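Here is how the chains run, residue by residue.
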Amino acid sequence: MKGMKERATAVEERVNCAEERETILVEVMETLTQDMDEMQKRVEYLENKSRQMNVRIYNVKENNDPANMRNFVETLLHETLQIPKEQLGIVAAHRSGATQKADASGNKPRSIIARFPTWEAKQQVLKAAWGKKEVLYRGGRIYLDQDFTAKLQTQRKGFMRIRSHLKEKGIKAHVRYPAKLFVLEENGTRIFNTPQDAEQAYGLTPSARPKDRGEWVHQLKLLGWERVRNGSEG
């Protein structure tokens, strides 16, 4: 009995040490997660800031792209939006990425990124494009939008489902920077920070909400609390 009691005491001490270690590790993870999130927000902000003079042009076929892409884009925008070339002043233009061309791979053509000298010049192009019902180039429809990071583009695309739903109901809605949905109703404007909130407000089953690192840490803390409680009750 004495030996069993000593072994039980030793086991209890090891369990207490493990629980203390777990508590410390979760606290360290929480601190590191907060620091990482803060740094990621700063990097995301700086990257989007560096793109604020850019415009992305989608669905322009890649057949025989010219060597001078800047002149090509100026001509394209002049023909489709009727903006004088001297008002554009494009600094640089290129296809996004370095993947295989669409004709060979069967994928959609890579977007074109055009950089303008001023924010005003970029806005002039976007407003002209958004003011048209559709922008046609060589028999095909092309699209122009701001140049965002991949993460922000994903966040903004998350509102596509609810926007289509609202359009079917005759309700106007648009996404504003960085990723907020503005819904124009008769009695005012409603603002939603996430697609799930908007979907729930307008009768759709909310889409899956991606977990962030903060939620993982929160779950770890809850699991740790349950283990300590159950051990003390046993």
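Residues numbered from 1 in each chain as written. Predicted model: local features only at pLDDT ≥ 70, side-chain atom pairs only at ≥ 80, totals over all residues. Heavy atoms only, no water.

### Things to note about the sheet that holds strand β7 (residues 180–185)
Spatially, three strands are ordered β6-β7-β8 in an open sheet, and the strand pairing comes out antiparallel. Looking at strand neighbours, the two that pair on one side only are β6 (172–176) and β8 (188–192), the edges of this open sheet. Looking at each pair of strands side by side, their axes are set apart by 25° on average, direction ignored. Bridging between β6 and β7 involves five bridges; their strand directions are antiparallel. Paired with Val175 across the bridge in β7 is Leu181. (Pairing = 2+ DSSP bridges. Helix = DSSP H or I, 4+ residues; strand = E, 2+ residues; numbered from the N terminus. Axes fitted to C-alpha atoms, helices over the stretch in contact; angles between N-to-C directions.)

### Digging into the nonpolar core
By size, the foremost hydrophobic cluster in this structure holds 24 residues, and its most contacted members are Ile57, Val73, Leu77, Phe116 and Leu144. Elements that contribute at least two residues to this core include exactly β1 (54–58), α2 (69–81), β3 (112–115), α5 (119–130), β4 (135–137) and β5 (140–146). A total of six residues in this core trace back to one element, the largest contributor, which is α2. Sequence-distant contacts of Phe116, that is, excluding residues within four places in its chain, are made with Met53, Val55, Leu77, Leu88, Ile90, Val91, Ala121, Lys122 and Val125. Counting 14 residues, the second largest nonpolar core, distinct from the first, contains Phe148, Leu166, Ala198 and Leu204. (Core = buried A, V, L, I, M, F, W, Y, C linked by side-chain atoms within 4.5 Å. Buried < 20%, exposed > 50% of the residue type's maximum accessible area, 1.4 Å probe, protein only. Contact = heavy atoms within 4.5 Å.)

### Things to note about α5
Taking 1.5 Å per residue as the helical rise, α5 with its 12 residues ought to reach 16 Å, and the 16 Å between its terminal C-alpha atoms agrees with that figure. Those residues of α5 that sit buried are Ala121, Lys122, Gln123, Val125, Leu126 and Ala129. The inward-facing, buried residues of α5 contact β1, α2, α3 (85–88), β4 and β5. (Expected span 1.5 Å × (residues − 1).)

### A closer look at helix α7 (residues 160–168)
Listing the buried residues of α7 in full gives Ile162, His165 and Leu166. Axial view of α7: buried residues confined to an arc of 95°, hence all on one face. More than 90 degrees from the buried face of α7, the exposed residues found are Met160, Lys167 and Glu168. Downstream of α7 by one or two residues, Gly170 has phi in the positive range, about 80°. (Arc of directions from axis to C-beta.)

### A closer look at the layout of surface pockets
Reported here for the largest pocket is a volume of approximately 1600 Å³. A breakdown of the residues in the lining of the largest pocket according to their chemical character gives 15 nonpolar, six polar and 12 charged. (1 Å grid on protein atoms, 1.4 Å probe; cavity = no way out; pocket = protein on both sides within 12 Å on 5 of 7 lines; lining within 4 Å. Points joined across faces, edges and corners; volume = space filled by probe spheres on them. Nonpolar A, V, L, I, M, F, W, Y, C, P; charged D, E, K, R; others polar.)

### Remarks on the confidence of the model for the chain
When pLDDT is averaged across the chain, the result is 86; 86% of the residues are at 70 or more. In the model, residues 225–234 has pLDDT below 50 throughout and makes three contacts with residues more than four positions away in sequence or in other chains. (pLDDT = per-residue confidence, 0-100.)

### What about the pairing of β8?
Across five bridges, the pairing between β7 and β8 is antiparallel. Each residue of the ladder has a partner; that of Leu181, found in β8, is Phe192.

### Quick look at the sheet that holds β4
Spatially, β2-β3-β1-β5-β4 is the arrangement adopted by the five strands of the open sheet, whose pairing is antiparallel. Only two strands of the sheet have a single partner each, and these edge strands are β2 (92–95) and β4. Averaged over all neighbouring strand pairs, the angle between strand axes comes to 30°, with direction disregarded. For β1 and β3, the ladder comprises four bridges, and the chain directions are antiparallel. The residue of β3 that forms the bridge with Ile57 is Ile112. Sitting on the sheet, α2 is in contact with β1, β2, β3, β4 and β5, with an inclination near 125° to β4. Packed on one face of the sheet, α5 meets β1, β4 and β5 and runs near 135° to β5.

### Here's the deal with the pairing of β5
Taken together, the four bridges between β1 and β5 define a ladder with antiparallel strand orientation. The residue of β5 that forms the bridge with Val55 is Gln146. As paired elements, β4 and β5 share three bridges and run antiparallel to each other. In the strand pairing of β5, Val135 is matched with Ile142. Counting the residues in the hairpin turn of β4 and β5 gives two residues, including Arg138, whose phi is positive at 50°.

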